[in-house]
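Summary of the model geometry
Spelled out, the chains give:
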2 protein chains.
Amino acid sequence: MDFIKKPEEIENRSMQIIEPYLKDLNLTVEEVKVYSRMIHAAGDVDYAPIIKISKNAIEAAKSAIKSGSNIYTDVEMVRTGINKRTLSKFGGNVFCKIADEDIKKIAENQGITRSMAAMRTFGKDLNNSIIAIGNAPTALFEVLRLVIEDSIKPAVIIGIPVGFVGAADSKKALAEQSQIPFITVEGTKGGSPIAVAAINAIIYLLDNSR
Amino acid sequence: MDFIKKPEEIENRSMQIIEPYLKDLNLTVEEVKVYSRMIHAAGDVDYAPIIKISKNAIEAAKSAIKSGSNIYTDVEMVRTGINKRTLSKFGGNVFCKIADEDIKKIAENQGITRSMAAMRTFGKDLNNSIIAIGNAPTALFEVLRLVIEDSIKPAVIIGIPVGFVGAADSKKALAEQSQIPFITVEGTKGGSPIAVAAINAIIYLLDNSR
């Protein structure tokens, strides 16, 4: 069995394969890097036309990371995947509450999902933060409600929930608002690795050791 | 913003939406449950025709879980996503070595990926285990080498690495061998949530509390 075993070679070869699918999209050099990691994480070039990055989103995310902003995630898989060692060089940390006992109780009492209860509980901590949602449409809907009703202002929302119930609608609502810079994927596709890929791509834009 | 907020309703509605895409595939009731969770995790009905479950794989995985077998994963995101609380009722645990310092050194010394070094280091612990690979083709290639060259016999291999470099080939090699029951996805698509969905679907088949 002959195959490429060196991590750098695998990454470079993968980026070469993805490149042709991006050439007609008028992307900046930094956008190409974010798109490429997202597409690689899904193994699916059909992501190329459905990834949506608002004009100022990469810049806003970079500024937030550089200033030590925290990242708030909907599920543990997103927290796990984010390169926390590199993030911590800038002072930021990653938080997720979905597995907390008090969140479970709030969710049961209110008849809502745990990820939604978790976002609601973060509340004002989300100001100037990066929000990374890779699973739950309800979490993204709740964040958008916090923005509109409670005037919460995250620095950027990476909103890439997945599935057939609410995901497409929640991402459409994200893309249609103009208050908060965002990265998303149209339709039902998405997931934790795609959200993680977007975040890590931006972290690596700032980390010259890579 | 009006949307479904109750977890059971979200799950049931999602399974209903997926059902029509499975009806011509001649699946067993248990296979339908595994397929549905995998498709839901990707938000992508195009998975329906490319999921491949060997004839005895679900039965083999159920037996292994029931007898307290451990699960070995290539990356931390797969470990994170597996429902360990329910798994532990049967006595099993989940192991991942990719972040270990000694694995990093082995990988650097041998010019291989860390996930490959991790699988090699597990060695005989993989006998009668469940292997869940959601990211690294090199980890799956290494497991197949251990099966062929070192006569390691896992109970089942959930091999769903993702990407454009080696993933499709490694999964083809998995599907073409006949020694070990397997669950896989043809081509470049896959990822940690898809591997996690397959495992959790099987754990839930055994857990009557759900």
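The text that follows walks through the structure, step by step, so that each part is easy to find. All values reported here derive from a predicted model rather than from experimental measurement. (Residues numbered from 1 in each chain as written. Chains lettered and ligands numbered in written order. Predicted model: local features only at pLDDT ≥ 70, side-chain atom pairs only at ≥ 80, totals over all residues. Heavy atoms only, no water.)

Observations concerning the packing of helix α1 (residues 7-18) of chain A against helix α2 (residues 29-42) of chain A
All names here are of chain A. Two numbers describe how α1 lies on α2: the axes approach to 10 Å, and their chain directions differ by 100°. One finds that α1 runs roughly perpendicular with respect to α2. From α1, Glu 11, Ser 14, Met 15 and Ile 18 reach across to α2, where they touch Ser 36, Arg 37, Ile 39 and His 40. Residue classes in the contact of α1 with α2 are distributed as three nonpolar, three polar and two charged. (Axes fitted to C-alpha atoms, helices over the stretch in contact; angles between N-to-C directions. Helix = DSSP H or I, 4+ residues; strand = E, 2+ residues; numbered from the N terminus. Parallel < 35°, antiparallel > 145°, perpendicular 65-115°, else oblique. Contact = heavy atoms within 4.5 Å. Nonpolar A, V, L, I, M, F, W, Y, C, P; charged D, E, K, R; others polar.)

Let's talk about the sheet that holds strand β6 (residues 182-185) of chain A
Neighbouring strands of a sheet are bound in pairs by backbone hydrogen bonds; such pairs are parallel or else antiparallel. All names here are of chain A. Strand order across the open sheet formed by six strands is β1-β6-β5-β4-β2-β3, with mixed pairing between neighbours. Edge positions in the sheet fall to β1 (51-53) and β3 (94-95), since each of these pairs with one other strand and no more. Relative to strand β4 (residues 130-133), helix α3 (residues 57-66) is tilted by about 115°, and along the sheet it contacts β1, β4, β5 (156-159) and β6. Here helix α7 (residues 114-122) sits on the sheet and contacts β2 (71-73), β3 and β4; the angle it forms with β2, its principal contact strand, is near 150°. (Pairing = 2+ DSSP bridges.)

Comments concerning the side chain of B:Glu31
Within the secondary structure, B:Glu31 is located in helix α2 (residues 29-42). Once residues lying within four places of it in the same chain are set aside, the contact partners of B:Glu31 are B:Asn26, B:Ile53 and B:Ile58.

Regarding the interface of chain B and chain A
Listed by partner, the interface residues are 43 residues for chain B and 43 residues for chain A. At the boundary of chain B with chain A, total buried surface from both sides reaches about 3300 Å², with 77% on carbon and sulfur atoms. At the junction of chain B with chain A, the criterion picks out two salt bridges. A salt bridge links B:Lys189 to A:Asp44; its shortest N-O distance comes to 3.9 Å. (Buried area = accessible area lost by both parts, 1.4 Å probe. Salt bridge = Lys/Arg side-chain N within 4 Å of Asp/Glu carboxyl O.)

Structural notes on the packing of aromatic side chains
All told, the structure shown has six aromatic pairs over all chains when counted by the stated rule. Where A:Tyr72 meets A:Phe95, the ring centres are 5.5 Å apart and the plane angle is 20°; that geometry is what we call stacked. With A:Tyr72 in strand β2 and A:Phe95 in strand β3, this residue pair connects regions lying 23 residues apart in the sequence. By relative accessible area, A:Tyr72 is classed as buried at 6%. We classify A:Phe95 as partly exposed; its relative accessible area is 32%. Taking 4.1 Å as the distance between ring centres and 15° as the angle between the ring planes, the aromatic pair formed by A:Phe141 and B:Phe3 counts as stacked. You can see A:Phe141 sitting in helix α8 (residues 137-150) and its partner B:Phe3 sitting in the segment before α1 (7-18), one on each of two chains. In this structure A:Phe141 comes out as buried when scored by relative accessible area, which is 6%. (Phe/Tyr/Trp six-rings, centres within 6.5 Å; stacked < 30°, edge-to-face > 60°. Buried < 20%, exposed > 50% of the residue type's maximum accessible area, 1.4 Å probe, protein only.)

Quick word on the environment of A:Ile133
Residues and elements named next belong to chain A. By the element assignment, Ile 133 lies in strand β4. Ile 133 sits 34 residues away from Ala 167 along the chain, and the two C-alpha atoms are 11 Å apart. What Ile 133 contacts, discounting residues up to four positions off in sequence, is Asp 74, Met 119, Ala 139, Leu 140, Val 143, Ile 158, Gly 159, Ile 160, Pro 161 and Ala 195.

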